[in-house]
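Spelled out, the chains give:
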Amino acid sequence: MQVTETKKKSFLSGLTGQIIIAMVLGAALGIIIHNSISQEAAVSFSNKIKMLATIFIRLVQMIIAPLVFTTLVVGIAKLGDIKTVGRIGGKALGWFFTASFISLLIGLFFVNVLKPGVGLKLDHVDMTAATEVTAKTKILSVENFVEHIVPKSIFEAMATNEILQIVIFSIFFGLAAASLGSTVKPIINAFDKASHIVLKMVNYVMNFAPIGVFGAIAGVFAIRDAEELIITYFKFFGSFLVGISTLWVILIVVGYIFLKGRMTELLKRIVGPLAIAFGTTSSEAVFPKLTEELEDFGVKDKIVAFMLPLGYSFNLDGSMMYMTFASIFIAQFYGVHLDLGTQMAMLLVLMLTSKGIAGVPRASLVIVAATCGMFKIPVEGIALILPIDHFCDMFRSATNVLGNALATSVVGKWEDGKEENLDIAEKN
């Protein structure tokens, strides 16, 4: 009995328990505000309380660039040669593209089977609300993909938190450092110590996570009537949840196939990051914390440093599932017929245009708008899903975290024996 009470206390006092409490309190406050003051006052309150979430996310963002750069450079330098980097990179990209393709197919399957957009009537949809999203669609195309991933300046990439661009520079830097051998060891050691300092900062920043989650949840519920939204979008949201739940089942089953019983331990370790991603709708917000948890799980730091930054650009499973689902939902609403060949072409376009845009605000919606324009679907249809998008984003952000944690852990396991041999060679 005493042990049970101690566990309850430790859970409530731990980060995950605090985040769950913050979600409940934030939702309660938001609902009270929504029902007790005018719409204008509620919007003003929402904008102010959301600053708590903004502060937390900005605190995390200030850590990401130095963390990615220092850990990735050290990791690649320790890997030692381009052959090893190529081997791990090949496994990573193979996993990422397979997972992305499966995620897109799940979205495609359920939106065609459940048809949430057919016969749906949505009154009073504010089409002007889509302007902010559709204005950004010009930056997304297959043609400028290469320009987007290769940085003009590492300082510009760091200033804008372009993770993929930082990864590209860090790979070149790390390989160059590895080729110079022992002469650059003092620099690599300095980067190694710097990465540990940044990881220590993570512990300080994570203390603000419950406050950020509280602000994000309260801000949304203050201006949205959740009950009315769920009723209006019941078919859309229900179909989406069926799809995302199926994706979770597949990811967890795959995890148990590759990690066996250790998958249970991994799930326990990432509960905190999942809760933060769910509450803030930002998978980026948990990047530093997820790095720590995966290293504590037993994945070599050099593998984590290499896999996670790539994963955040190439392995957004929840977002991928949502993109095909939302694009075809809009087509169904407007009665635009898309045959199977066209839908598969859309899937392949999404595979390309969705890579490396993790830093774009509301990235999934921007890509959906761009895809709709490419396939002659009314782009303004993006306004149809804007009211419910925040709640969908909570689930897809958490799914992105699960997908990246699983990918990093599995590749880490595949490299276990090879890494041990490499460490022995380094000592000799």
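Residues numbered from 1 in each chain as written. Predicted model: local features only at pLDDT ≥ 70, side-chain atom pairs only at ≥ 80, totals over all residues. Heavy atoms only, no water.

Our working rule: UniProt positions are given in the numbering used here, feature names are shortened, and annotations may be inferred rather than shown by experiment.
An unreviewed UniProt entry lists the chain under the name Dicarboxylate/amino acid:cation symporter, from Flavobacterium soyae. Check the Subcellular location (unreviewed entry) section of the UniProt entry for the chain; it says "Cell membrane".

## With respect to the packing of aromatic side chains
The cut-off we apply is this: Two rings belonging to Phe, Tyr or Trp (six-membered ring only in the last case) form a pair when the distance between their centres is within 6.5 Å. Interplanar angles under 30 degrees mark stacking, angles over 60 mark edge-to-face geometry, and anything in between is tilted. Helix and strand labels come from DSSP, where a helix needs a run of H or I of at least four residues and a strand needs a run of E of at least two; each type is numbered from the N terminus. Buried means the residue's accessible area, taken with a 1.4 Å probe over protein chains only, is under 20% of the maximum for its type, while exposed means over 50%, and partly exposed covers the values in between.
With the rule as written, the count across this model stands at 21 aromatic pairs. Here the aromatic rings of Phe69 and Phe173 are separated by 5.6 Å at their centres, their planes lie at 70°, and the arrangement is edge-to-face. With a gap of 104 residues between them, Phe69 in helix H3 (residues 39-79) and Phe173 in helix H8 (residues 163-179) connect regions that are remote in the sequence. Residue classification places Phe173 among the partly exposed residues on the basis of a relative accessible area of 30%. Members of the aromatic cluster, joined through ring pairs, are Tyr233, Phe236, Phe237, Phe240, Phe278, Tyr322, Phe325, Phe329 and Phe395.

## Quick notes on the packing of helix H17 (residues 317-334) against helix H20 (residues 382-414)
Note the cut-off: Note on method: axes are straight lines fitted to C-alpha atoms, helices fitted across the in-contact stretch only, with angles between N-to-C directions ranging 0 to 180 degrees. Here roughly perpendicular refers to angles of 65 to 115 degrees, roughly parallel to angles under 35, roughly antiparallel to angles over 145, and oblique to all remaining angles. Whether a crossing is left-handed or right-handed is set by the direction in which the near helix is turned from the far one by less than a right angle, anticlockwise for left-handed and clockwise for right-handed. The contact definition used throughout considers only heavy atoms, calling two residues in contact when any of these lie within 4.5 Å. Under the convention adopted here, Pro, Cys and the residues Ala, Val, Leu, Ile, Met, Phe, Trp and Tyr are nonpolar, Asp, Glu, Lys and Arg are charged, and Gly plus all remaining residues are polar.
Closest axis-to-axis distance for the H17/H20 pair is 8 Å, and the angle between their directions is 160°. Taken together, the axis directions place H17 and H20 in an arrangement best described as roughly antiparallel. By crossing handedness, the relation of H17 to H20 is classed as right-handed. Only Ile382, Leu384, Ile385, Asp389, Cys392, Arg396, Thr399, Asn400 and Gly403 of H20 make contact with H17, whose side of the interface consists of Asp317, Gly318, Ser319, Tyr322, Ala326, Phe329, Ile330, Phe333 and Tyr334. When its residues are assigned to classes, the contact of H17 with H20 shows 10 nonpolar, 5 polar and 3 charged.

## Details of unusual backbone geometry
The bulk of non-glycine residues show a negative phi, and the bulk of peptide bonds are trans. One non-glycine residue with positive phi stands out, namely Thr281, at about 55°. If you trace the backbone, Thr281 turns up in the loop between helix H14 (271-280) and helix H15 (287-297). Unlike most non-glycine residues, Lys376 shows phi in positive territory, near 60°. For Lys376, the position within the fold is in the loop between helix H19 (363-374) and H20. Of the residues examined, Lys376 reaches a relative accessible area of 70% and is grouped as exposed.

## Comments concerning the pattern of salt bridges
Which entries qualify depends on this criterion: The rule for a salt bridge is simple: a side-chain nitrogen of Lys or Arg has to be within 4 Å of a carboxyl oxygen of Asp or Glu.
In total, this model carries 8 salt bridges according to the counting rule given. Glu265 is the salt-bridge partner of Arg262, the closest N and O atoms lying 3.3 Å from each other. With Arg262 and Glu265 both in helix H13 (residues 262-269) and 3 residues apart, the pair spans about one turn of that helix. The exposure class of Arg262 is partly exposed, given its relative accessible area of 38%. For Arg269, the salt bridge identified is with Glu293, shortest N-O distance 3.5 Å.

## Things to note about the nonpolar core
Selection rule: Buried residues of nine kinds, namely Ala, Val, Leu, Ile, Met, Phe, Trp, Tyr and Cys, make up a nonpolar core once their side-chain atoms join them within 4.5 Å.
Phe56, Phe236, Ile385 and Phe391 are the most contacted members of the largest nonpolar core, which totals 123 residues. In terms of residue count, H20 provides more of this core than any other element does, 16 residues in total. Discounting residues that sit within four places of it in the chain, Phe56 has contacts with Val205, Met206, Phe208, Ala209, Gly212, Ile276, Thr280 and Ala285.

## As for the UniProt feature "transmembrane region" (unreviewed entry) in the chain
Cross-referencing UniProt, the feature "transmembrane region" (unreviewed entry) maps to residues 12-35, 55-80, 92-114, 163-184, 204-224, 236-259 and 365-386 in the present numbering. Segment residues 163-184 splits into 77% helix and 0% strand. End C-alpha atoms: 25 Å apart. A helix fraction of 100% and a strand fraction of 0% characterise residues 236-259, whose end C-alpha atoms lie 34 Å from each other.

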